[in-house]
Amino acid sequence: GISPWQGLLGNSCPPRKRPLRTFFGVAGKKDATAADPEQSAAGEVTGAPRLKTANKMVPSSSVPASGPTQGLSTRPCGLRDTLVKSLLKQKESSYTHLQNFRFFVGTYNVNGQSPRGSLRPWLSQDGEPPDIYCVGFQELDLSKEAFFFNDTPKEEEWFKAVTESLHPGAKYAKVKLVRLVGILLLLYVRTELAMNISEVEAETVGTGIMGRMGNKGGVAIRFQFHNSTVCVVNAHLAAHPEEYERRNQEVRDICARMQFHPLEPGCPLLAIKEHDVVLWLGDLNYRLEEQDMERVKKLIQTQDFQALHQHDQLKIQREAKLVFEGFQEGEISFQPTYKYNPGSDDWDDSAECRVPAWCDRILWSGKTVSLLSYQSHMALKNSDHKPVSAIFDVGVKVVDKKSYCKAFEGIVRSLDKMENASIPSVTLSKREFLFKDVKYLQLQVESFTISNGPVPCQFEFISKPNEDAYCKPWLIAKPSKGFLMPDSEVVIALELCVNKSTATALNSGEEKLEDILVLHLDRGKDYFLSVSGNYLPSCFGCPIQTLCYMKEPIREMLPEAIRELTLMPLLTDDAFWEEKPLDVPKELWMMVDLLCRSACHQEGLFQQPGLRPEFEQIRDWLDTGTLDVLGPVASNHSVAEALLLFLESLPEPVVCYKSYRSSLECANSYEMSSQVISMLPKCHQNVFHYLVAFLRELLKHTGKNHLDVNVLAGPNPSSIPEGGQTITAKGNCHNCKRWKQ
């Protein structure tokens, strides 16, 4: 678990692959036995398999290319093997044919409820059993324990309910389970097809507060089925009708940050879009622009879903090409799936009285996907959502063994005849890169093209002598390595972003935005690229003491003054310095003061993320001293997240690192904990008391903002005494009798 106040304290040819038939006793029969490997809660294989009956797990690390390729004599990646693999990919149509397989995709926001009764009205309503099940849940567990510890008994409850409700006309093996807080995704395959599943990987991306917490975000499973690659994504996006831009942003974040590690060493990471088929399901939370409850209900009653769908935010955003570009969705011919009174089919009549909406959706991308059905399931009533399902026929590339061997052998013979004396060489479209006016946490990208000559080549950015990495920590090249066929090219993006780990040295001038990248060609020469830029100093990444001595905005100060204040030793007595410092940094006061004035009643404060453009405005206002114009522009959530990011960026936490051990030893005593705080530098004491006073003020309004000590103080609610908690170094939570000034 992570406390939201943690910043208070710091912070080839195809390689030989292991066939899944190792785990299956009899291939191609419905009564085939399946492996039951030891597994962790996240569904990872952690031990040797034991043969049992079907409905067990397919090992995630097994990697057959596809059935017909097993047994070929191949070697792990080298230049020759990479070339063979690329040429085989080009000739794929000569040794594969498309075969349709039936996929069931389902999504259900269960509102923290446990399963009641069978799920077959949802999972087994079709006469023909699916070949593959992709089943996703959201809000599996709404407890704070699930949020902080990412552990919940409901995972096993719903897994058991799904397993017992799969189509009775076939036997299934669980391929993979992945969960992020309350977002759960399950993947099953018919046992007789399991040997054709390979390269199974799972990843998670949190998009909640500070863009990382797992209360919102996505989980995904990618795999290879025969010779086609499939990625299944389950997402739970931000709530509330007005937050459609945030939902768009979260989809972009999931696509950008969800990357799968290939099992072959040296190969680049795989993104969602780099799969033949992508299936995206979840509580996407897009609402209706039409908010007149009576008009909406009238259209639903007359089943005029087409007219109602014109007001659907997801439809509007997709048509404007602002989200889910390249994806498709089936025609919606069912009534909205949210919000119902739990246990009934009646619309929400609570005080909130939510307008009905199609929150729960299923989309797809891929040229070989045909939608057979898209529907909701009103029979399930234990949540305020209704489950949704889609059934697809997916054309999968199946390998013909004889044709594959013929293509493979032809490529090998051709390569054997190639003259190896040629030295690879490339042309770079650009070798000097200038990044202007770089700001804290603001990504800048410069791109260039590598154009290859007539000889295949493998390229990689390599580290310089006496350096561990190929670039400075504020820079990254995407991709950083790769393979180029003759006369082909690739675009390389150089991404520069200054974060909490690099901002302090750049603020002080100890480090500059300067680097030399070395692009190395296997069996060829090296190319040198020059990277430079200028960083605009920011209060983010500055020590507390430095900011207390800065009477002016940091952008108005001379570099020499910033350097002197940043590098001065941490003082326990302010009298050592001639000029009297501020009690707390003015930037901290500006944000806390604004939140005290406008956000004490704000529901979801410090739990719902802000908008990135608004954070950038807040950062600029803090750095230039114009925060007084912030009020009518930025939302409370954006200011709250900016405050957390500010605290997270401190190079020395509020409770200093050197006080960490003593704070642990004194955790159960209020008097001794107070003594630890009294030993902190004066500016750190002031900030600690100021922040605690702010938290106490928020707790006075808990009836409206729904905040409590568990949410504000950290991830250890089970050990909170009657009075509350205080936080010590590195986000560890320890007990105090009560919060006091």
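The structure presented is a predicted model; accordingly, all values stated were derived computationally and were not measured.

1. Considering helix H10 (residues 401–416)
Next up, step 1: An ideal rise of 1.5 Å per residue puts 22 Å on 16 residues; H10 measures up with 22 Å between its terminal C-alpha atoms.
Next up, step 2: All of the buried residues along H10 are Tyr404, Cys405, Ala407, Phe408, Ile411 and Leu415. The buried residues of H10 occupy an angular sector of 165 degrees when the element is viewed end-on, so they sit on one face. Set apart from the buried face of H10 by more than 90 degrees, the exposed residues are Lys402, Lys406, Arg413 and Asp416.

2. Observations concerning the packing of aromatic side chains
Two aromatic rings, taken as a pair, are described by how far apart their centres are and by the angle between their planes.
Next up, step 1: Counted under the stated rule, the structure contains 23 aromatic pairs.
Next up, step 2: Seen from their ring centres, phenylalanine 137 and tryptophan 158 are 5.0 Å apart, and the 45 degrees between their planes marks the pair as tilted. Of this pair, phenylalanine 137 sits in strand S4 (residues 132–138) while tryptophan 158 sits in helix H5 (residues 154–165); the two residues are 21 residues apart in sequence, bridging distant segments of the chain. Grouping residues by exposure puts phenylalanine 137 and tryptophan 158 together as buried.
Next up, step 3: On the basis of an interplanar angle of 25 degrees and a centroid distance of 5.8 Å, the ring pair of phenylalanine 461 and tyrosine 470 is categorised as stacked.
Next up, step 4: For phenylalanine 461, a relative accessible area of 3% corresponds to the buried category.

3. Notes on the sheet that holds strand S19 (residues 457–462)
Next up, step 1: Pairing in this open sheet of five strands is mixed, and the strands run S17-S24-S23-S19-S21 from one edge to the other. Sheet topology places strand S17 (432–438) and strand S21 (481–484) at the edges, where each strand pairs with a single neighbour. Within this sheet the neighbouring strands show an average axis-to-axis angle of 20 degrees, counted without direction.

4. Considering the packing of helix H14 (residues 586–598) against helix H19 (residues 682–699)
Next up, step 1: Following both chains from N to C, one finds H14 and H19 inclined at 15 degrees, their axes separated by 11 Å at the closest point. As judged from the angle between their axes, H14 and H19 are roughly parallel. The interaxial crossing formed by H14 with H19 has left-handed handedness. Taking contact as the criterion, the partners of Leu588, Trp589, Val592, Asp593, Leu595 and Cys596 in H14 are, on H19, Val687, Tyr690, Leu691 and Phe694.

5. Overview of the side chain of asparagine 109
Next up, step 1: With respect to the helices and strands, the residue asparagine 109 is situated in strand S3 (residues 96–109).
Next up, step 2: We classify asparagine 109 as buried; its relative accessible area is 0%.
Next up, step 3: A polar atom in the side chain of asparagine 109 sits 3.0 Å from the backbone nitrogen of asparagine 111.
Next up, step 4: Apart from the residues lying within four places of it in its own chain, the contact partners of asparagine 109 are Gln138, Glu139, His236, Asp283, Asp360, Ser383 and His385.

Reading the values: rules and limits
- Residues numbered from 1 in each chain as written.
- Predicted model: local features only at pLDDT ≥ 70, side-chain atom pairs only at ≥ 80, totals over all residues.
- Heavy atoms only, no water.
- Helix = DSSP H or I, 4+ residues; strand = E, 2+ residues; numbered from the N terminus.
- Expected span 1.5 Å × (residues − 1).
- Buried < 20%, exposed > 50% of the residue type's maximum accessible area, 1.4 Å probe, protein only.
- Arc of directions from axis to C-beta.
- Phe/Tyr/Trp six-rings, centres within 6.5 Å; stacked < 30°, edge-to-face > 60°.
- Pairing = 2+ DSSP bridges.
- Axes fitted to C-alpha atoms, helices over the stretch in contact; angles between N-to-C directions.
- Parallel < 35°, antiparallel > 145°, perpendicular 65-115°, else oblique.
- Left-handed = near helix turned anticlockwise from the far one by under 90°.
- Contact = heavy atoms within 4.5 Å.
- Polar contact = N/O pair within 3.5 Å; in protein donor to acceptor, adjacent residues only side chain to side chain.

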